[in-house]
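Notes for the structure review
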Amino acid sequence: MNLNIFLKDSSIRYPEHTCVVHGPKRLTYLEIDKYSDRLASRLIENGLKKGDRVAILLENSPEYIISFFAT
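A quick note: this is a predicted structure, and the numbers were derived from the prediction, not measured. (Residues numbered from 1 in each chain as written. Predicted model: local features only at pLDDT ≥ 70, side-chain atom pairs only at ≥ 80, totals over all residues. Heavy atoms only, no water.)

**Some words on the overall build of the chain**
Broken down by element type, the chain carries three helices and two strands. Seen in sequence order, the chain has helices and strands lined up from the N terminus as α-β-β-α-α. Taking the principal axes of its C-alpha atoms as reference, the chain extends roughly 35 × 25 × 20 Å. Across the 71 residues in the chain, those meeting the buried criterion constitute 24%. Here the analysis covers contacts within the chain between residues at least 6 apart in sequence; of these, 48% occur between residues at least 24 apart. Here the chain contributes 10 positively and 9 negatively charged side chains, and the mean placements of these two sets differ by 3 Å. (Helix = DSSP H or I, 4+ residues; strand = E, 2+ residues; numbered from the N terminus. Buried < 20%, exposed > 50% of the residue type's maximum accessible area, 1.4 Å probe, protein only. Contact = heavy atoms within 4.5 Å. Lys, Arg positive; Asp, Glu negative; His and termini not counted. Charge placed at Lys NZ, Arg CZ, Asp CG, Glu CD.)

**Some words on the nonpolar core**
Nonpolar side chains tend toward joint burial in soluble globular proteins. Ranked by size, the top nonpolar core spans seven residues in total: Leu-7, Val-20, Leu-27, Tyr-29, Ile-32, Ile-66 and Phe-69. Elements with a contribution of two residues or more to this core: helix H2 (29–45) and helix H3 (62–70). (Core = buried A, V, L, I, M, F, W, Y, C linked by side-chain atoms within 4.5 Å.)

**As for the pairing of strand E2 (residues 25–28)**
Pairing analysis gives four bridges linking strand E1 (residues 18–22) to E2, with the strands arranged antiparallel. If you follow Thr-18 over to E2, its bridge partner there is Thr-28. The antiparallel pairing of E1 with E2 creates a hairpin that spans two residues between the two strands, and Gly-23 there sits at a positive phi of about 60°. (Pairing = 2+ DSSP bridges.)

**Structural notes on the confidence of the model for the chain**
Per-residue confidence for the chain gives a mean pLDDT of 96; residues scoring 70 or more make up 100%. Element-level mean pLDDT values for the chain span from 95 in helix H1 (residues 3–13) up to 98 in H2. (pLDDT = per-residue confidence, 0-100.)

Laid out in structure tokens, this is it:
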């Protein structure tokens, strides 16, 4: 099982369980999955293809996790 399948499975099995806590911000598995799918769609719309290299320059944050799963 790869990490993307793990996230999808967790978002189906535990949609309301907390996945990420960052200060006062809490995101569920379903939210992380939804946001990463949305970002992935935008990246594809802007020309990103399988095999392209992507750099993520963010501090440890929910946005980093979302970007990681999106790519």
